[in-house]
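# Reading the structure
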Amino acid sequence: MSTTQTTRTAQTTLSTPLADAAPTGRPKRYALVRHSTALAKRSLIKTMRTPEALIDVTLQPIIFLALFTYVFGGAIAGAGQQQAYLSYLLPGILAQTIAMGATAIGVNLNTDISKGVFDRFRSLPIPRVAPLIGAVAADVARYAIVAVVTLAAGSVMGFRIHTNPLAALAGCLLAMAFALSLSWVSVFLGMIARTPGAVQGIMILVILPLSFGSNTFVRSSTLPGWMQGFVKVNPITQLASAVRGLFNGGPVADHVLWTFVWMAGLVVVFMPMAMWAYRRKA
């Protein structure tokens, strides 16, 4: 083989990988969507392999419904009024449980970071924020489970939708969207807290006062006057009232509007903070 032929062969060998590496019609802007979807699938598979991680979104709404309907329902609504109280209670339990369900993502992310999982993600040729967006997207499945389990348990106990299926679906989707917005708070805490237990403790410390300082279990008018002002602006109150109206009928527009305002506020404030903390941590 001549020197000229050898040179041409080497040039062809070196140029072929570069040609193959060029984009072939798949825009780079879709890379984030593809990789985030793949990592969301990873999170779902991980959840399916550890079903005990779903206890908070499966057993918890059933326990709360049974406890407050049959144990406290008579004292709150009056003897023999448990069934009527269930119609009032269930939308509030859905709002409370789905908000608590947002705690898990922060705990899981903190665990992955402490175990070095995100160090491996950093070495992959993927957008840096793809693991974070994938984890948030996968959590939608948890919120859907909360809605299904809560309505199924309520139906067994005698709860009935008094509006129509579309309104009920809108109520469930609204609750899921609120949880998705609230999850950015959990993500931020997952990035800055030192341990998974700390993330869980802080989130519970935030969610419990919001849940019990709302109209989830009792009407706002029965609470002390000094407390009613906080209850009216409480995001859980607005969400519970909106879902209650969509399930049972009644005023809806104002509560839905304020729920969207809270959702927008949570995303605008905590999503950038979570991204900033993520870039520093991962």
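Scroll up to find the structure.
As a starting point, this report considers the structure included with it. This one's a predicted model, so the numbers in the text were calculated from it and none came from an experiment.

What counts, and where the lines are drawn
- Residues numbered from 1 in each chain as written.
- Predicted model: local features only at pLDDT ≥ 70, side-chain atom pairs only at ≥ 80, totals over all residues.
- Heavy atoms only, no water.
- Helix = DSSP H or I, 4+ residues; strand = E, 2+ residues; numbered from the N terminus.
- Buried < 20%, exposed > 50% of the residue type's maximum accessible area, 1.4 Å probe, protein only.
- Contact = heavy atoms within 4.5 Å.
- Areas by Shrake-Rupley, 256 points an atom, 1.4 Å probe, with all protein chains shown as cover.
- Salt bridge = Lys/Arg side-chain N within 4 Å of Asp/Glu carboxyl O.
- Expected span 1.5 Å × (residues − 1).
- 1 Å grid on protein atoms, 1.4 Å probe; cavity = no way out; pocket = protein on both sides within 12 Å on 5 of 7 lines; lining within 4 Å.
- Points joined across faces, edges and corners; volume = space filled by probe spheres on them.
- Nonpolar A, V, L, I, M, F, W, Y, C, P; charged D, E, K, R; others polar.
- Core = buried A, V, L, I, M, F, W, Y, C linked by side-chain atoms within 4.5 Å.
- Polar contact = N/O pair within 3.5 Å; in protein donor to acceptor, adjacent residues only side chain to side chain.

When its secondary structure is counted, the chain shows 14 helices and zero strands. The helix and strand sequence of the chain, counted from the amino end, reads α-α-α-α-α-α-α-α-α-α-α-α-α-α. When each of the 282 residues of the chain is scored for burial, the buried share is 43%. Across the chain, the fraction of contacts at a sequence separation of at least 24, relative to all contacts at a separation of at least 6, is 80%. Put simply, the chain shows about 14,800 Å² of open surface, and 68% of that area lies on carbon and sulfur atoms.

Pairs can form between side chains of opposite charge whenever their charged atoms are close. A full pass over the atoms with the stated rule returns three salt bridges. One salt bridge connects Arg-42 with Asp-112, and the closest N-O pair in it is separated by 3.9 Å. Placement of the pair is Arg-42 in helix H2 (residues 31–49) and Asp-112 in helix H6 (residues 103–114), with a sequence separation of 70 residues. Residues Asp-56 and Arg-142 are paired through a salt bridge, measuring 2.5 Å at the closest nitrogen-oxygen approach. Of this pair, Asp-56 sits in helix H3 (residues 55–71) while Arg-142 is found in helix H9 (residues 140–157), placing the two residues 86 residues apart along the sequence. For Asp-56, a relative accessible area of 25% gives the class partly exposed. Overall, the relative accessible area of 6% leaves Arg-142 in the buried class. Linked through salt bridges whose partners overlap, the residues forming this network are Asp-56, Asp-139 and Arg-142.

A few words on H6. An ideal rise of 1.5 Å per residue puts 16 Å on twelve residues; H6 measures up with 17 Å between its terminal C-alpha atoms. With nine of its twelve residues buried, H6 lies for the most part within the structure. Every buried residue of H6 is listed here: Thr-103, Ala-104, Ile-105, Gly-106, Val-107, Leu-109, Asn-110, Asp-112 and Ile-113. Looking one or two residues past H6, Gly-116 carries a phi angle of roughly 85°, positive in sign.

Turning next to the layout of surface pockets. The calculated volume of the largest pocket comes to roughly 780 Å³. Within the residue set of the lining of the largest pocket, elements represented by two or more residues are H2, H3, H6, helix H7 (117–123), helix H8 (130–138), H9 and helix H11 (196–212). Among the elements that make up the lining of the largest pocket, the one with the highest residue count is H6 (eight residues). Roughly 200 Å³ of volume is contained in the second largest pocket. Of all the secondary-structure elements, those providing two or more residues to the lining of the second largest pocket are helix H4 (73–77) and helix H5 (82–100). The greatest single-element share of the lining of the second largest pocket, amounting to four residues, is contributed by H5. Residue composition of the lining of the second largest pocket, by class: seven nonpolar, two polar and one charged.

Moving on, we come to the nonpolar core. Ranked by size, the top nonpolar core spans 69 residues in total, and within it Leu-65, Leu-109, Phe-178, Leu-182, Val-187 and Phe-247 carry the most contacts. The dominant element in this core, judged by the number of residues it contributes, is helix H10 (residues 165–192), at 14 residues. Residues in contact with Leu-109, not counting those within four places in the same chain, are Phe-118, Leu-132, Ala-135, Val-187 and Met-191.

With that settled, consider the side chain of Asp-139. With respect to the element layout, Asp-139 can be found in the loop between H8 and H9. Residue Asp-139 is classed as buried on the basis of its relative accessible area, which comes to 6%. In terms of polar contacts, Asp-139 uses its side chain to reach the side chain of Tyr-143, at 3.0 Å. With near-sequence residues (within four places) excluded, Asp-139 lies in contact with Gly-101 and Ile-105.

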